[in-house]
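# Summary of structural features
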Amino acid sequence: MATAPTTTRDLGSADCVLDREGLDALVQALRARGRTVVGPTARDGAIVLAELESAAELPYGWGVELEGGHYRVVRREDEAAFAHSAGPQSWKNFLLPERVRQWTADRGPDGEMTVRAERHDPASYAFLGVRPCDLRAIAIQDQVLLGGRHRDDAYGARRTGAFLIAVECVEPGATCFCVSMGTGPAAGPGYDIALTEVLDDAGHRFLARAGTPEGAEVLAGLPQRPADAVTRTAAHEAVEAAAGRMGRTMPSVDLRALLADTLDAERWNDVAARCLTCGNCTMACPTCFCTTTEDVTDLTGDHAERWSRWDSCYDLDFSHLHGGPVRSSGRSRYRQWLTHKLGTWHDQFGSSGCVGCGRCIVWCPVAIDITEEAHALHQEALSKGGPS
Amino acid sequence: MSAPEPARPRPRLGVFKFASCDGCQLTLLDCEDELLGLADEVDVVHFLEASSAVDPGPYDLSLVEGSITTPEDAARIRQVRAASRHLVTIGACATAGGVQALRNFADVEEFREIVYARPEYVETLATSTPIAAHVPVDLELQGCPIDRGQLLEVITAFLAGRKPDVPRHSVCFACKRRGIPCVTVARGIPCLGPVTHAGCGALCPSYGRGCYGCFGPSASVNLPAMIPLLRSDGMSDEDVLRLLRTFNAAKFAAIEQGSAP
Ligand code: SF4
Ligand code: SF4
Ligand code: SF4
């Protein structure tokens, strides 16, 4: 594909087209700016998120087959780079790592204690291939971890400089339901650059637009050509079509009200009988943010550290108060998760806690499906003459 | 802060063995980098794997390995308990009866006749039982063998007078924290991780194999949900039974019968 001369574009004024060479240049340009580029790559029988040295490491030609409790990487007939939906990890693995030191304390020879808060060095990430649902998930974690009175500085340091390259979805997975949650398949706000992958007789290319001045500046420096009508139409139609091919839906009711009104539903017993309380759903979920504290001392007792570590509402000890866990049954723990995710998250953070990525469905070993549970609660409420 | 506290006598550590393979107490000797530091902080007064000196106690911290399989041991553990301020059981034998608890599901007399040339010399109990079935235990550290890092955590926490950080959740937590794609979901490999106690750091899944439960049950086990999953991942009923009847057989069996943990 021929490359047009580099042109400078105003933010938001125009879109442009990159080919694979342009994508290579994008990764190199971000690396040259000192950024750690993280994106999808095929590894360990999955499409994982890892640091990329070049765009050649993207999973060109790989897709995924998704179902409840089932994930397989499959070879595609074409060379698409982003024809896979949410994988085993999410961007929270980078923005909210599983274990972070908060402070250290040392006792000197004179018995004097020195406590030092951890300095969280700003990271400089560029995330390539952020799905629209995950773009929203990052915004939700921003609200949770930076939006209140108690900011998570470690998260802030990683998040503040992160450069986000969204890739719109044209191949939703069988477990996706972003349309129900209003998060995709077109990219919402928050990206620096948004790409839409187009693969047709006219070639393999990416329709690109900038969302921030830095995004525009980066785009301007890449080999590119002005967007043409054919590419624009193809991109637009592919995203439109994706919206009609969602693998799952949520009941089209006020989920917050549904969850508030079904606390005594019989369905909670049914799901509790199937749930392993293993915690996989929460750790795969891109918005779940719960951590616990871990205190470490050395043998001498002169050095101590406090860490925060991922935890989960499925952990029996997560609700341990004086005398024992408050949520001792599997029923109460599953219910806590779902009612928080779909209901009380609104009260706490002003939005739903679910973006419809489907990870909790795929990575649940026993295929418990958040959409199926919500539909069942809705049906039970209807049968009892409750709110519809 | 005030002046340093006056030097106190170092806590006295005892390590005791009952029916077991010694692997768990050897974990203590495996703490190579920390061993000298440990020797500065505690007085190891009873540890036959390291020294033949025997100290009658009392002990501030006793680490007890092995299960109770003989009448003498049933009496000896009471003496150890009586002489110990703080008693921690280590390993699958001490916390669940070990692989030798398979006898609990069979006739020990038959074993004795078949295995030993002079069975009359062998005195043994009909069952292999965990230490906690005989005396109160302050903490159980699961694993076959136990994890070195967890053992150090228990000792350093004891020295600092704080609660040790020994999470009771599933092995899945460790897989997700390490970013290991689930071997069951991504490869259809049967794995006992969802009901197995964390502590190993997801050792087996990190090598692409399923967990076989050597750390015993987690604090929140749903076997009626777990077993059909193992079956759908290709295990026969017999395979499932064998998987549940290894090092922690008695603990899993108690859960199956609805009487534990
Ligand atoms: S609850 Fe499930 S579908 Fe919703 S955001 Fe979390 S992992 Fe994705
Ligand atoms: S819903 Fe599934 S993934 Fe979540 S705790 Fe239950 S069994 Fe585990
Ligand atoms: S993964 Fe399971 S079997 Fe393997 S070491 Fe850990 S607890 Fe033991």
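### So, the domain arrangement of chain A
In many reports, interface size means the accessible area that the parts give up when they come together. Residue and element names in this part refer to chain A. Partitioning chain A into domains gives domain 1 (11–100 + 118–243) and domain 2 (255–383). For domain 1 and domain 2, the distance between their C-alpha centroids amounts to 27 Å. Taken residue by residue, the interface counts 33 residues in domain 1 and 35 residues in domain 2. Carbon and sulfur atoms supply 63% of the area that domain 1 and domain 2 bury against each other, a total of about 2,800 Å² over both sides. If you sort the residues of domain 1 by the area they bury against domain 2, Lys-92, Arg-99 and Phe-177 come out on top, with a joint share of 22%. Taken together, the connections running from domain 1 to domain 2 amount to two salt bridges. Residue Arg-359 pairs with Asp-134 through a salt bridge whose shortest N-O separation is 2.7 Å. Viewed at the interface, domain 2 and domain 1 are joined by 20 residue pairs in polar contact (both at pLDDT 80 or more). Put simply, the parts of the chain that give the side of domain 1 that touches domain 2 at least two residues each are strand 4 (62–67), strand 5 (70–75), helix 2 (92–95), strand 6 (99–107), helix 3 (132–146) and helix 5 (178–181).

### Looking at the sheet that holds strand 2 (residues 43–47) of chain B
Within a beta sheet, neighbouring strands are joined by backbone hydrogen bonds and run either parallel or antiparallel to one another. Residues and elements named next belong to chain B. On the basis of which strands lie adjacent, the open sheet formed by five strands has the order 2-1-3-4-5 and parallel pairing. The open sheet terminates on both sides in strands that have one partner only, identified here as strand 2 and strand 5 (139–141). Going across the sheet, the axis of each strand differs from the next one's by a mean of 20°, ignoring polarity. With four bridges joining them, strand 1 (residues 12–17) and strand 2 adopt parallel strand pairing. Looking at strand 2, one finds that Val-15 is bridged to Phe-47. Of the strands in this sheet, strand 1, strand 3 (59–65) and strand 4 (84–90) are in contact with helix 3 (residues 71–82), which crosses strand 4 at around 130°.

### So, the side chain of B:Glu65
Residues and elements named next belong to chain B. On the secondary structure map, Glu-65 appears in strand 3. Nearest to the buried, unbridged Glu-65 among oppositely charged side chains is Lys-17, at 4.1 Å. Engagement of the side chain of Glu-65 in a polar contact is seen with the side chain of Ser-20, the distance being 2.5 Å. Sequence-distant contacts of Glu-65, that is, excluding residues within four places in its chain, are made with Phe-16, Lys-17, Phe-18, Ser-20, Cys-21, Asp-22, Gly-23, Cys-24, Gln-25, Ile-90 and Ala-94.

### Observations regarding the packing of aromatic side chains
What the rule picks out here adds up to 15 aromatic pairs over all chains. Between A:Tyr314 and A:Tyr334 the ring centres are 6.4 Å apart and the planes differ by 55°, which places this aromatic pair in the tilted class. A residue pair is termed long-range when its members are at least 10 positions apart, and A:Tyr314 in the loop between strand 14 (303–310) and strand 15 (320–321) and A:Tyr334 in helix 11 (residues 330–349) qualify at 20 residues. By relative accessible area, A:Tyr334 is classed as buried at 3%. Ring geometry for B:Phe16 against B:Tyr59: centres 4.9 Å apart, planes inclined by 70°, an arrangement best described as edge-to-face.

### Side note on the packing of helix 10 (residues 223–232) of chain B against helix 11 (residues 237–244) of chain B
To describe two helices that pack against each other, one gives the angle between their axes and the distance between the axes. Residues and elements named next belong to chain B. Taken N-terminus to C-terminus, the directions of helix 10 and helix 11 make an angle of 125°; their axes are 9 Å apart at the nearest point. Viewed along their axes, helix 10 and helix 11 adopt a mutual orientation that is oblique. Seen along the crossing, helix 10 lies across helix 11 with a hand that is right-handed. Across from Leu-223, Ile-227, Leu-230 and Arg-231 in helix 10, the residues of helix 11 making contact are Asp-237, Val-240, Leu-243 and Leu-244.

### Things to note about the interface of chain A and chain B
Contact residues are listed per partner, giving 49 residues for chain A and 38 residues for chain B. Both faces combined, the contact of chain A with chain B buries some 3,300 Å², and carbon together with sulfur accounts for 56% of it. Among the residues of chain A in contact with chain B, A:Leu276, A:Leu299 and A:Arg309 are the three that bury the most area, contributing 20% of the side total. Here chain A and chain B share three salt bridges between them. In this structure, the salt-bridge partner of B:Arg177 is A:Glu98, at a minimum N-O distance of 2.6 Å.

### Looking at the sheet that holds strand 8 (residues 125–130) of chain A
Residue and element names in this part refer to chain A. Taking strand neighbours across the sheet as the criterion, the eight strands line up as 3-2-8-9-10-11-1-12 in an open arrangement whose pairing is mixed. The outermost strands of the open sheet, each flanked by one partner alone, are strand 3 (46–51) and strand 12 (225–226). Of the strand pairs in this sheet, strand 2 (residues 36–43) and strand 3 are connected by six bridges, and their pairing is antiparallel. Directly across from Ala-42, in strand 3, lies its bridge partner Ile-47.

### Quick notes on the site of ligand 3
Close to ligand 3 lie B:Thr196, B:Cys200, B:Leu203, B:Cys204, B:Pro205, B:Cys211, B:Tyr212, B:Gly213, B:Cys214 and B:Phe215, which account for all nearby residues. Class assignment for the residues of the shell around ligand 3 results in eight nonpolar, two polar and no charged.

The rules we used
- Residues numbered from 1 in each chain as written.
- Chains lettered and ligands numbered in written order.
- Predicted model: local features only at pLDDT ≥ 70, side-chain atom pairs only at ≥ 80, totals over all residues.
- Heavy atoms only, no water.
- Domains from an automatic or database assignment.
- Contact = heavy atoms within 4.5 Å.
- Buried area = accessible area lost by both parts, 1.4 Å probe.
- Salt bridge = Lys/Arg side-chain N within 4 Å of Asp/Glu carboxyl O.
- Polar contact = N/O pair within 3.5 Å; in protein donor to acceptor, adjacent residues only side chain to side chain.
- Helix = DSSP H or I, 4+ residues; strand = E, 2+ residues; numbered from the N terminus.
- Pairing = 2+ DSSP bridges.
- Axes fitted to C-alpha atoms, helices over the stretch in contact; angles between N-to-C directions.
- Buried < 20%, exposed > 50% of the residue type's maximum accessible area, 1.4 Å probe, protein only.
- Lys, Arg positive; Asp, Glu negative; His and termini not counted.
- Phe/Tyr/Trp six-rings, centres within 6.5 Å; stacked < 30°, edge-to-face > 60°.
- Parallel < 35°, antiparallel > 145°, perpendicular 65-115°, else oblique.
- Left-handed = near helix turned anticlockwise from the far one by under 90°.
- Near = heavy atom within 4 Å.
- Nonpolar A, V, L, I, M, F, W, Y, C, P; charged D, E, K, R; others polar.

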